[in-house]
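Commentary on secondary and tertiary structure
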Amino acid sequence: MILTRASVSPAALLHRLSGAAHWLTSPLLPEDYLRLINPLWAVEELYGRVEAVHAETCDAATLVIRPGLGWTVHRPGQSVRIGVDIDGRRHWRTFSLSSAPDRSDGRITVTVKAVRGGLVSDHLVRSTMPGAVLTLGRPEGAFVLPEPPPPRLLFVTAGSGITPVMAMLDGLRLDSADGPDIVLVHSARTPDDVIFGRRLRSLAARYPRLRLHERHTRTEGRLRPADLARLCPDWAERSLWACGPPAMLDDIAARWIGPADGIHVERFSLAPAAAAGSGGHVRFTRSGREAEADGGTPLLAVGESAGVLMPSGCRMGICYGCVARLRSGRVRDVRTGQVHGDAGDMIQTCVSVAIGKVEIEL
Amino acid sequence: MPAKQPASVDTEGFGRELDKIRDEVLASLGERDAAYIRGVIAAQRKLELTGRALLFASWLPPAWAAGTAALAVAKILENMEIGHNVLHGQWDWMRDPKIHSTTWEWDMASPADQWKHSHNFVHHTWTNVLGKDRDIGYSAMRISPEQPWHPIYLAQPFYNALLALFFEYGIAIYDLELERIPSGRRDPKEALAQARAVAAKIRRQIVKDYVAFPLLAGPAFLPVLLGNLTANMARNVWAHTIIFCGHFPEGAHIFTEDRLENETRGEWYLRQLLGSCNIDGGRLLHIMSGNLSHQIEHHLFPDLPSNRYAEIAPRVRALCERFGLPYTSGSLARQAGSVWKRVLRMALPGPGRPSAADSSAQALKAAA
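Because the structure is predicted, anything quoted here is derived from the model rather than measured.

Scoring rules and cut-offs
Residues numbered from 1 in each chain as written. Chains lettered and ligands numbered in written order. Predicted model: local features only at pLDDT ≥ 70, side-chain atom pairs only at ≥ 80, totals over all residues. Heavy atoms only, no water. Helix = DSSP H or I, 4+ residues; strand = E, 2+ residues; numbered from the N terminus. Areas by Shrake-Rupley, 256 points an atom, 1.4 Å probe, with all protein chains shown as cover. Lys, Arg positive; Asp, Glu negative; His and termini not counted. Charge placed at Lys NZ, Arg CZ, Asp CG, Glu CD. Pairing = 2+ DSSP bridges. 1 Å grid on protein atoms, 1.4 Å probe; cavity = no way out; pocket = protein on both sides within 12 Å on 5 of 7 lines; lining within 4 Å. Points joined across faces, edges and corners; volume = space filled by probe spheres on them. Nonpolar A, V, L, I, M, F, W, Y, C, P; charged D, E, K, R; others polar. Axes fitted to C-alpha atoms, helices over the stretch in contact; angles between N-to-C directions. UniProt positions renumbered as here; feature names shortened; annotations may be inferred. Parallel < 35°, antiparallel > 145°, perpendicular 65-115°, else oblique. Left-handed = near helix turned anticlockwise from the far one by under 90°. Contact = heavy atoms within 4.5 Å. Buried area = accessible area lost by both parts, 1.4 Å probe. Salt bridge = Lys/Arg side-chain N within 4 Å of Asp/Glu carboxyl O. Polar contact = N/O pair within 3.5 Å; in protein donor to acceptor, adjacent residues only side chain to side chain. Phe/Tyr/Trp six-rings, centres within 6.5 Å; stacked < 30°, edge-to-face > 60°. Buried < 20%, exposed > 50% of the residue type's maximum accessible area, 1.4 Å probe, protein only.

1. Some points on the overall build of chain A
Counting its regular elements, chain A contains nine helices and 17 strands. Working note: accessible area of chain A is about 16800 Å², and carbon and sulfur atoms make up 53% of it. Looking at charge distribution, chain A has the averaged site of its 43 positive side-chain charges lying 1 Å from that of its 38 negative ones.

This is how it looks when you write it as structure tokens:
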């Protein structure tokens, strides 16, 4: 269930007004003008203004964001896509929301760890100042606790994998006698690298229903499923919620002996490395057609021979009659040799060839 | 048309140099360019709001004049520096869905997707090729001696003036390619579906400028309506003038279809250069013309952001000099005068002699 912010919903009111005002602003939307005054008044495309940036560790920061009027309240554990303009180009990444949904000030937070070589995370942690305006998606994701929450919970997190769990902990009634029994096993390099370290430790000190196990991997090594059984002997009988690097999640999932619906994992995968060489399997998602592409045939021609209704034009990269949305994978521009492609990019199919597996929304 | 014809041209060398310029610009696109287009869009929208607000006070004649002028300038910016260039995909690299060729719709009668086909694809691919580029005389006028004369062309000075006033509607109808239906090259059903889309677009445009805003102004109904009409027509005449100066002044070549056979990248560049004319002027002229005053640079690199044309123009001109190629450029008055001279001359039959344009183009092709 998705809750709207309030029954008086200013967003709904604005939407109705904007329908009438559209006759005055056609072909633009009223919000295209409102955005000039305050980007947060836009509802079709959603923006958020960064109001504060708090350093969490030496390479992680929490951004406090005021979302625009069109924001729908999230559920703890959900994530949001954030679009950041870097050097004139928009880049999208998904981050878990680290705030509880019912903050009285209506703001949301995401907690970002700067990944080595990570363009967007680095920009958000180190170069984003209060006042910056970001593009937001809507809350999404199924990594959410059921209502009511299971009586016995086990959270296994590593690094910034703590962020969705922090939002969940904020939403659980730790102070109540009939609240859930919680074990949290969190891995980080050193005590100083634990995101929300102070907050977690003070919660664990205050509430006996929350048992916190920190694993400091620099001295203790990576957490193994065997360690989990030692730290939490009844782990297979608990509802397990894990978020962290793919290797850790795969490890845990492989050793899981509890019921299949007892384990929930949230992957935050980094962009897969481009496959060596060129060409690859191309899937056209709307038409459901698939084809093998070599490294020399533009995706336009690949689609056409597979019987996909490809929009096209000059077939030489000048008219943009052929652009289509890339759902996944990477492509090479045959004119420049440049390899590019983020999910959601609009690419010119007539001058792009596949680099590995590619999905196009056509 | 150029009197001197180059003896031999290293077309592919010319093309490689142009590719180099293109790659350099592409590699250097960034924050500065993004700030430019966002700045122009914000300024244009504020100017439009100012114009419309002033028109509400249009019982004061100075407010009417200022409001109409602001709205006219806003509409010109919206169509030329913003709309035309966004629809070319010049800003697609920013990946902002709000400033993208696939999502943009503009403040004029022609729906963006239809215009993108007839302009970006037909005109920019087959620039100035007789029988392929429908923009030669907009399929309604005779602007080249190669087009056979017909008595209807006697009236073309008159209907060209009319076209200037109602240019946006002319473009919308033109994009329907109605003249291709009798020969069976155009599916009438498809044309009808497109005509419906045009009608829907025109309806919204007309309701906005001639019903909704005048009604909102209450007692100022009539002055607002007249102000909007004047602004739209001023934009139409300006757009018509700039666009006709791009390909029809003296010096612009017309090509025949055989030119397209096995056309190389270098030859394509050469055709774009020879078929286009620039307008000399200052920054204001460049931005008000949507940088189509750099028509040559635009035709060589239709998808490079318009704010870069002025930067690369001296380099393109120097290249033309080095390769012994003409680079046609002149003041707005000269180019517009030249266009009208041509429209008037071609209204009459002749000239009968083989065209200098074609023979010089053939010479260039042979030399290449």
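2. Notes on the pairing of strand E14 (residues 323–333) of chain A
On a regular strand, each side chain points to the face opposite its neighbour's, so the side chains alternate between the two faces of the sheet. Residues and elements named next belong to chain A. Relative to strand E16 (residues 346–348), E14 runs antiparallel, the two sharing three bridges. The partner of Val323 across the bridge, within E16, is Gln348. Pairing of E14 with strand E15 (residues 339–340) involves two bridges; the strand directions are antiparallel. Looking at the pairing, Val331 lines up with His340 of E15. In textbook terms, the turn of a hairpin is the stretch between consecutive antiparallel strands, and for E14 and E15 this stretch comprises five residues, one of which, Gly337, has a positive phi near 80°.

3. Considerations on empty space enclosed by the protein
Gaps left between atoms show up when a probe the size of a water molecule is rolled over them. Residue and element names in this part refer to chain B. Inspection of the entire model under this criterion finds four cavities of 30 Å³ or more. Taken as a whole, the largest cavity holds about 330 Å³ of empty space. What lines the largest cavity is a set of 26 residues, and nearest its centre among them are His84, Trp115, His119, Phe167 and Ile243. Mapped by element, the contributors of at least two residues to the lining of the largest cavity are helix H3 (61–87), helix H4 (112–125), helix H6 (167–174), helix H8 (221–247) and helix H11 (295–300). Class assignment of the residues belonging to the lining of the largest cavity gives a composition of 11 nonpolar, 11 polar and four charged.

4. What to know about the sheet that holds strand E1 (residues 46–57) of chain A
The pairing of strands in a sheet comes from backbone hydrogen bonds and takes either a parallel or an antiparallel form. All names here are of chain A. Strand order across the open sheet formed by six strands is E4-E3-E6-E1-E2-E5, with antiparallel pairing between neighbours. Unpaired on one side and paired on the other, strand E4 (89–96) and strand E5 (108–113) mark the two borders of the sheet. On average, each strand axis in the sheet is tilted by 40° relative to the strand beside it, whichever way the strands run. Here strand E3 (residues 79–86) pairs with E4 via eight bridges, running antiparallel. Bridging from a neighbouring strand, Asp85 pairs with Arg90 of E4.

5. Description of the UniProt feature "domain: FAD-binding FR-type" (unreviewed entry) in chain A
Taking the UniProt record as the reference, the feature "domain: FAD-binding FR-type" (unreviewed entry) is found at residues 43–146 of chain A. For the annotated span residues 43–146 of chain A, helix accounts for 9% and strand for 44% of the residues, and the straight-line distance between the end C-alpha atoms is 29 Å.

6. Here we look at the UniProt feature "domain: Fatty acid desaturase" (unreviewed entry) in chain B
If you check UniProt for "domain: Fatty acid desaturase" (unreviewed entry), the listed places come out as residues 63–329 of chain B in our numbering. Helix and strand shares over residues 63–329 of chain B are 56% and 1% respectively, and the end C-alpha atoms of the span are 38 Å apart.

7. Here's the deal with the packing of H3 of chain B against H8 of chain B
Residue and element names in this part refer to chain B. For the pair H3 and H8, interaxial distance at closest approach is 8 Å and the crossing angle is 40°. Compared by their axis directions, H3 and H8 come out oblique. Here H3 runs over H8; the crossing is right-handed. From H3, Trp64, Thr68, Leu71, Ala72, Lys75, Ile76, Asn79 and Met80 reach across to H8, where they touch Pro223, Leu226, Gly227, Asn228, Thr230, Ala231, Asn232, Ala234, Arg235, Trp238, Ala239 and Ile242. Split into classes, the residues belonging to the contact of H3 with H8 amount to 12 nonpolar, six polar and two charged.

8. Quick notes on the sheet that holds strand E10 (residues 239–244) of chain A
All names here are of chain A. Ordered in space as E9-E8-E7-E10-E11, the five strands form an open sheet in which the pairing is parallel. Bordering the open sheet on either side are strand E9 (210–216) and strand E11 (263–267), each of which pairs with just one other strand. Direction aside, neighbouring strands of the sheet carry axes that sit 10° apart on average. Note: strand E7 (residues 152–158) against strand E8 (residues 181–188), seven bridges, orientation parallel. Within E8, the residue paired with Leu154 across the bridge is Val183. Packed onto the sheet, helix H4 (residues 162–171) meets E7, E8, E9 and E10 and runs at close to 150° relative to E7. Seen against the sheet, helix H5 (residues 197–206) touches E8 and E9 and runs at an angle of roughly 140° to E9.

9. Things to note about the interface of chain A and chain B
Every contact between the two is made by 34 residues of chain A and, on the other side, 45 residues of chain B. In terms of surface lost to chain B, no three residues of chain A exceed Trp23, Leu24 and Ile318 of chain A, which account for 21% of the buried area on that side. Across the contact surface, chain A and chain B share five salt bridges. Between chain A and chain B we count 15 residue pairs in polar contact (both at pLDDT 80 or more) in total. Among the elements of the structure, helix H1 (10–25), helix H2 (30–37) and E4 of chain A are those that each provide at least two residues to the side of chain A that touches chain B. In terms of residue count, the dominant contributor to the side of chain A that touches chain B is H2 of chain A (five residues). Of the residues in the side of chain A that touches chain B, the class split is 15 nonpolar, eight polar and 11 charged.

10. Remarks on the packing of aromatic side chains
All names here are of chain B. Throughout the structure, instances matching the rule amount to 15 aromatic pairs over all chains. On the numbers, 6.3 Å between centres and 40° between planes, the contact of Trp91 with Trp93 is tilted. Overall, the relative accessible area of 0% leaves Trp91 in the buried class. Between Phe121 and Trp126, the aromatic rings sit 5.5 Å apart at their centres with planes inclined by 50°, giving tilted as the arrangement. For Trp126, a relative accessible area of 23% corresponds to the partly exposed category. Members of the aromatic cluster, joined through ring pairs, are Tyr138, Phe167, Tyr174, Phe244 and Phe248.

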